[in-house]
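# A look at the structure
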Amino acid sequence: MCGIVGYIGHREAYPIVIKGLQRLEYRGYDSAGVMIYDGEDVKVCKTKGKVVDLEAKAAIEMKTGGTIGIGHTRWATHGVPNDVNSHPHVSNSGDLVIIHNGIIENYAPLKEELIKRGYVFHSDTDTEVLVNLIEEIQKNENQKLGKAVQIALNQVVGAYAIAVFDKKNPTEIVAARLGSPLAIGIGEGEYFIASDASPFIEYTSNAVYLEDGEMANIRLHKKIKVRKIQDDSLVDPYIQELQMNLEQIEKGGYDHFMLKEIYEQPSVIKDTYRGRLHANEGIIQMSGIEDNLEKFLNADRIIIVACGTSWHAGLVAEYIFEEFARIPVEVEYASEFRYRNPIINSRDVVIAISQSGETADTMAAIKLAKENGAFVFGVCNVVGSSISRESHAGAYTHAGPEIGVASTKAFTTQITVLTMIALRLAKAKGTMSLSDFHMYLQELELIPEKVKEALETNDRAKEIAATFKDAPNCLYLGRGYNFPVALEGALKLKEISYIHAEGYPAAEMKHGPIALIDEHMPVVVIAPKQGHYDKIVSNIQEIKSRSGRIIAIVTKGDTQVRDLADYVIEIPETSDALSPLITTIPLQLLSYHIAVLRECNVDQPRNLAKSVTVE
Ligand code: F6R
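Just so we're clear, the structure is a prediction, and the values are computed from it rather than from any experiment. (Residues numbered from 1 in each chain as written. Predicted model: local features only at pLDDT ≥ 70, side-chain atom pairs only at ≥ 80, totals over all residues. Heavy atoms only, no water.)

What follows concerns the nonpolar core. The nonpolar side chains of a soluble globular protein tend to be buried, and buried together. Formed by 91 residues in total, the largest nonpolar core has its most connected members in F321, F324, I351, F377 and Y476. Considering every element that reaches this core, the biggest residue donor is helix α14 (residues 409-429), with 10 residues. Those residues within four positions of Y476 in sequence are excluded, and the remaining contacts are A486, G489, A490, L493, A501, E502, G503, Y504, V524, L587 and L590. Core analysis: the second largest hydrophobic core is formed by 29 residues, Y7, A13, I16 and A197 among them. (Core = buried A, V, L, I, M, F, W, Y, C linked by side-chain atoms within 4.5 Å. Buried < 20%, exposed > 50% of the residue type's maximum accessible area, 1.4 Å probe, protein only. Helix = DSSP H or I, 4+ residues; strand = E, 2+ residues; numbered from the N terminus. Contact = heavy atoms within 4.5 Å.)

We now examine unusual backbone geometry. Cis geometry marks the peptide bond from H87 to P88; its omega dihedral reads 5 degrees. Within the fold, P88 resides in the loop between β4 (68-74) and β5 (89-90). Positive phi, normally seen in glycine, also occurs at S547, with a value near 70 degrees. Relative to the elements of secondary structure, S547 occurs in the loop between α18 (533-544) and β26 (549-555). Taking the relative accessible area as the measure of exposure, S547 reaches 42% and is therefore partly exposed.

The next point concerns the sheet that holds strand β24 (residues 500-505). A sheet is described by the order of its strands in space; here five strands give the open sequence β24-β23-β25-β26-β27, paired in parallel fashion. With one partner strand each, in any of the chains shown, β24 and β27 (567-571) form the two edges of the open sheet. For this sheet the average axis-to-axis angle between neighbouring strands, irrespective of direction, equals 15 degrees. The pairing of strand β23 (residues 473-478) with strand β25 (residues 522-527) spans three bridges and is classified as parallel. Residue Y476 lies in a different strand from β25, and its bridge partner there is V524. Lying over the sheet, helix α17 (residues 483-497) contacts β23, β24 and β25, oriented at roughly 175 degrees with respect to β24. (Pairing = 2+ DSSP bridges. Axes fitted to C-alpha atoms, helices over the stretch in contact; angles between N-to-C directions.)

Next up on the list: the environment of E390. Structurally, E390 can be placed in helix α13 (residues 386-390). Discounting chain neighbours no more than four positions away, the residues touching E390 are M363, I366, K367 and K370.

UniProt's feature table lists "active site" (unreviewed entry) at C2 and K610, given in the numbering used throughout. A compact arrangement is adopted by the annotated residues: their sequence extent is 609 residues, whereas the largest C-alpha distance between any two is 9.4 Å. Considering only the annotated residues already named, the ones lining the largest cavity are C2. Turning to its location among the elements, C2 is positioned in the segment before β1 (3-8). Contact partners of C2, with chain neighbours within four places excluded, come to R27, H72, T73, R74, W75, H100, N101 and S195. Relative to the helices and strands, K610 resides in the segment after α20 (580-597). (UniProt positions renumbered as here; feature names shortened; annotations may be inferred. 1 Å grid on protein atoms, 1.4 Å probe; cavity = no way out; pocket = protein on both sides within 12 Å on 5 of 7 lines; lining within 4 Å.)

Once that is clear, we can look at the pairing of strand β10 (residues 191-194). Neither face of β10 is left uncovered, since the one carrying Y191 and I193 and the one carrying F192 and A194 both have all their residues buried. Where strand β9 (residues 183-186) meets β10, four bridges bridge the pair, whose relative direction is antiparallel. Note that in β10 the partner of I186 across the bridge is Y191. Once β9 ends, the chain turns through four residues before running back antiparallel as β10, passing G189 with a positive phi of about 65 degrees.

Taken together, 15 residues are adjacent to the ligand, and S310, S354, S356, T359 and E495 come closest. One of the side-chain nitrogen or oxygen atoms of T359 is found 2.4 Å away from an oxygen atom of the ligand. Here an oxygen atom of the ligand sits 2.8 Å away from a polar atom, N or O, in the main chain of S407. Burial of the ligand by the surrounding chains reaches 90%, relative to a free accessible area of 400 Å². Of all the secondary structure elements, the ones that give two or more residues to the shell around the ligand are α10 (308-325) and α17. Of the residues contributing to the shell around the ligand, the split by class is five nonpolar, eight polar and two charged. (Near = heavy atom within 4 Å. Polar contact = N/O pair within 3.5 Å; in protein donor to acceptor, adjacent residues only side chain to side chain. Areas by Shrake-Rupley, 256 points an atom, 1.4 Å probe, with all protein chains shown as cover. Nonpolar A, V, L, I, M, F, W, Y, C, P; charged D, E, K, R; others polar.)

Shown next as structure tokens:
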């Protein structure tokens with residue numbers, strides 16, 4: 001986690017670094033800091049809090065002029081969030097300044113050794129150890145910054161994306177990555193360094209994404225030099241043209257990124273299937289699948305690995321793959337899978353789902369799968385992300401940048417991609433009748449319109465939110481395809497409103513959670529007409545007879561549930577298998593409005609970060 005930004009060029013660095021940090025705040029926002037080199041000395045300002053707090057402090061404490069700068073927004077791992085533990089960290093001599101995203105696992109023995117050599121530490125961070133280790137190597141071995149960084153990184157165990165500046169040679173920034181992302185923007189006589197391309201999108205559309213184990217010397221008026229940290233071999237940097245634009249990363253008139261992203265779903269679902277789904281011709285074409293069709297068709301099973309919301313999309317996919325393509329599917333939390341000595345073999349296909357493409361546990365799970373000979377297929381949103389590159393093949397979701405920490409459009413676009421894959425495999429395997437295949441293609445094509453219609457429930461969701469905003473607990477129930485949606489609805493509520501919520505398969509309620517139900521307990525029941533309607537109606541009766549307060553998501557025109565529930569939200573009808581794409585919309589809106597009414601920070605909930613690059 002954490003976001004890092006750097007600039008070296010001819011413009012004033014401070015505003016570029018600050019704006020960049022604001023765009024990267026989704027990665028962490030418990031403290032922030034900046035270093036500017038003014039031509040003579042380094043000026044550092046850092047603080048607990050957000051980038052706005054940093055700006056306020058810098059306005060009082062610091063001269064901000066200078067054309068070289070680095071900055072950091074933090075999600076604490078080592079050391080509590082406070083001013084001292086904030087980055088940048090400065091070496092004992094005051095010459096070296098570092099920003100770091102990641103964890104140095106062996107920092108303790110390194111620190112002990114440095115203390116023996118007279119180094120003094122001011123913070124509790126692993127990063128301060130790294131910058132002093134680099135300094136020690138520079139001094140002892142009389143090395144230039146780049147070489148000293150390289151030697152130091154070969155001694156550390158862990159994950160990092162770093163940028164280091166040396167006052168003694170102030171025309172260079174050295175950057176390196178292992179396990180945390182790092183992009184270098186290449187402008188005219190200027191370079192940008194950042195955890196993703198959003199901080200420099202208005203300055204250049206050319207970027208180099210460092211690969212794991214690579215470092216770069218970024219010098220004024222010189223071409224960047226990229227080399228492997230381990231063996232010093234030079235790498236020809238691949239300059240990529242960026243697809244992102246400025247509009248995509250701004251709020252566009254919405255109060256929050258989350259709301260903007262909820263409303264983007266009709267158009268991004270269309271982007272997800274554009275060029276892949278040809279309903280009239282009865283074709284689904286995805287190059288990552290076509291090129292590896294045999295792998296999927298010969299697979300003994302599919303293992304899906306993911307975390308959080310992406311794991312919920314994986315659960316929906318399990319139901320879809322098994323029903324459509326009759327391939328056995330297991331869905332695993334990546335963090336459990338990687339540590340439980342799972343049985344994996346070369347006839348397994350592993351699908352890794354990740355919005356960011358950077359989640360450390362998911363990354364580790366796919367490395368493990370590859371080591372055991374499995375074929376790995378990535379479903380990622382961020383183009384060029386680590387997981388997309390580590391996978392043998394994959395399909396992007398094309399949802400555009402998701403900045404709100406709570407995933408919304410990532411979920412529906414992941415389900416869209418996974419549904420298309422299942423349909424393609426069903427066709428190839430002959431496990432679905434041709435008429436059903438065509439029906440699903442037509443249905444999928446209509447989903448954006450139906451999502452648009454489901455978004456019209458916004459006012460209703462707001463009204464209901466006002467009634468339930470102070471509830472201490474909430475239960476979400478669904479069956480079949482909508483059981484994972486219940487889990488996702490509960491996750492959305494707890495992460496942004498801090499209300500305790502649980503998702504459950506509706507029938508399972510009788511085996512425990514029913515004991516929680518009384519007149520104070522709101523129960524959100526996902527009850528569309530398709531699927532196990534009669535069963536869920538019985539579950540609603542069970543809640544009602546225990547005085548639970550029922551908020552039901554129902555198909556337009558439903559009267560039976562309307563008579564039982566306290567509140568209903570009507571959504572358009574679609575087939576059971578595709579219903580999660582619609583039923584999830586009012587749940588996103590409900591949690592959004594509850595969080596707003598509770599005055600929570602919707603886009604940056606406490607303790608969370610968008611990209612979980614630590615395990
Ligand atoms: C929840 C949320 C998280 C992520 C999880 C995985 O709203 O955003 O649960 O889904 O951290 O992240 P990715 O998909 O980037 O691997």
